[in-house]
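Breakdown of the fold
Spelled out from the first residue to the last, the chains are:
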Amino acid sequence: MSGDFDDRIITSWHTNAAPWVRAIRQREIVSRVDVTNDAIVSTLRSLRPTHLLDVGCGEGWLCHAMARDGVSCVGVDVVPALIDAARASHPVDAVPGTYAVLAYDAIATGALSDHDVGAFDVIVSNFALIGEAPVETMLAALPALMAPGGHVVIQTLHPVMASLDVPYVDGWREGSWTGFSSEFADAPPWYFRTISSWVALLTQVGLTMRALHEPVFPETGRPASLILCANRAD
Ligand SMILES: C[S@@+](CC[C@H](N)C(=O)[O-])C[C@H]1O[C@@H](n2cnc3c(N)ncnc32)[C@H](O)[C@@H]1O
């Protein structure tokens, strides 16, 4: 059953690639523009990356931003249209980037090149760890891709804020495009994890938790997201 939900996530992102590119490039998602984009960029900058992997990179905005800072970036995503958009708009005056169409399942089974093994000092995933089993198997593969002392940084919906009306337990939830343009269709389901489940999952795959950040909306003081930072346990 959970495999069906994981498959629906991928189908939905294929369907919604074009509106997604527009939404990001036209700065339509207020929480991103007001809080979460800066939050993830400043968290990454504080780690001083040189070679970064962006898992579920979408249309590439985060790789583009880090490449402008001088970071060599590899962006991977399952949707070819998003990878094409990321590659086509990589800034010409920045460090060159590499983009590849890859599902999390493929990362888990070693699809990144030998060149990438042990290479990344930072691996980031920004609002892209949506599913269940493929996310877990992919996370288990990350330590082998990381340089010694490397970092994993994950930004996700804040679990407490995403659970105000429902019990605070792990499980599949129906998606919604509420607040997005009417061009979006077929909202992907998502696998909800509590904060303690995120920490347990990262620990279970051999990472050591280093920090949790909870950026807030300036007007309300409420959390806009959760950022989990972990290290390769060497
Ligand atoms: C909400 S978007 C975030 C994109 C980007 N990280 C950003 O910050 O704009 C989620 C992304 O995760 C990707 N994704 C979801 N499940 C995936 C999977 N199993 N394998 C690879 N990419 C996946 C989608 O294609 C989509 O681009």
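To keep things clear, this report deals only with the structure shown in the data block. (Residues numbered from 1 in each chain as written. Predicted model: local features only at pLDDT ≥ 70, side-chain atom pairs only at ≥ 80, totals over all residues.)

1. Focus on the overall build of the protein
Counting its secondary structure elements, the protein contains eight helices and nine strands. Against the compact-globule benchmark of 17 Å for 234 residues, the protein has a radius of gyration of 17 Å, which places it among compact chains. Out of the 234 residues in the protein, the part that is buried amounts to 38%. In the protein, the proportion of contacts linking residues at least 24 apart, taken out of those at least 6 apart, comes to 72%. (Helix = DSSP H or I, 4+ residues; strand = E, 2+ residues; numbered from the N terminus. Rg over C-alpha atoms; globule rule 2.2 N^0.38 Å. Buried ≥ 20, exposed ≤ 12 C-beta atoms within 10 Å, placed from the backbone. Contact = placed C-beta atoms within 7 Å.)

2. Focus: helix H5 (residues 80–88)
Taken together, the buried positions of H5 are occupied by Leu82, Ile83, Ala85 and Ala86. Mapping the buried residues of H5 onto a view down its axis gives an arc of 160 degrees, with all of them on the same face. For H5, the exposed residues set more than 90 degrees away from the buried face come down to Pro80 and Ala88. Turning to H5, the residues buried within the fold contact helix H2 (17–25), helix H4 (61–68), strand S2 (72–77) and strand S3 (97–101). (Arc of directions from axis to C-beta.)

3. Some remarks on unusual backbone geometry
Of note in the backbone geometry, Phe127 takes a positive phi value of approximately 50 degrees without being a glycine. Residue position: Phe127 is located in the loop between strand S4 (120–126) and helix H7 (133–145). Looking at Phe127, the number of C-beta atoms within 10 Å reads 17, which means it is partly exposed. Positioned with a positive phi, Asp186 is a non-glycine residue whose angle comes to about 55 degrees. Mapped onto the elements, Asp186 comes out in the loop between strand S6 (171–173) and strand S7 (190–192).

4. A look at the site of the ligand
Looking at the ligand, there are 21 residues lining it, with Trp13, Gly56, Gly58, Val78 and Ala128 nearest. Looking at which element gives the most residues to the shell around the ligand, the answer is helix H1 (residues 2–15), with three residues. Of the residues assigned to the shell around the ligand, the class counts are 16 nonpolar, four polar and one charged. (Near = placed C-beta within 6 Å. Nonpolar A, V, L, I, M, F, W, Y, C, P; charged D, E, K, R; others polar.)

5. Concerning the environment of Thr109
Topologically, Thr109 is positioned in the loop between helix H6 (104–108) and S4. Residue class for Thr109 comes out exposed when judged on the 11 C-beta atoms lying within 10 Å of it. As for Thr109 and Asn37, which are separated by 72 residues in sequence, their C-alpha atoms are 30 Å apart.

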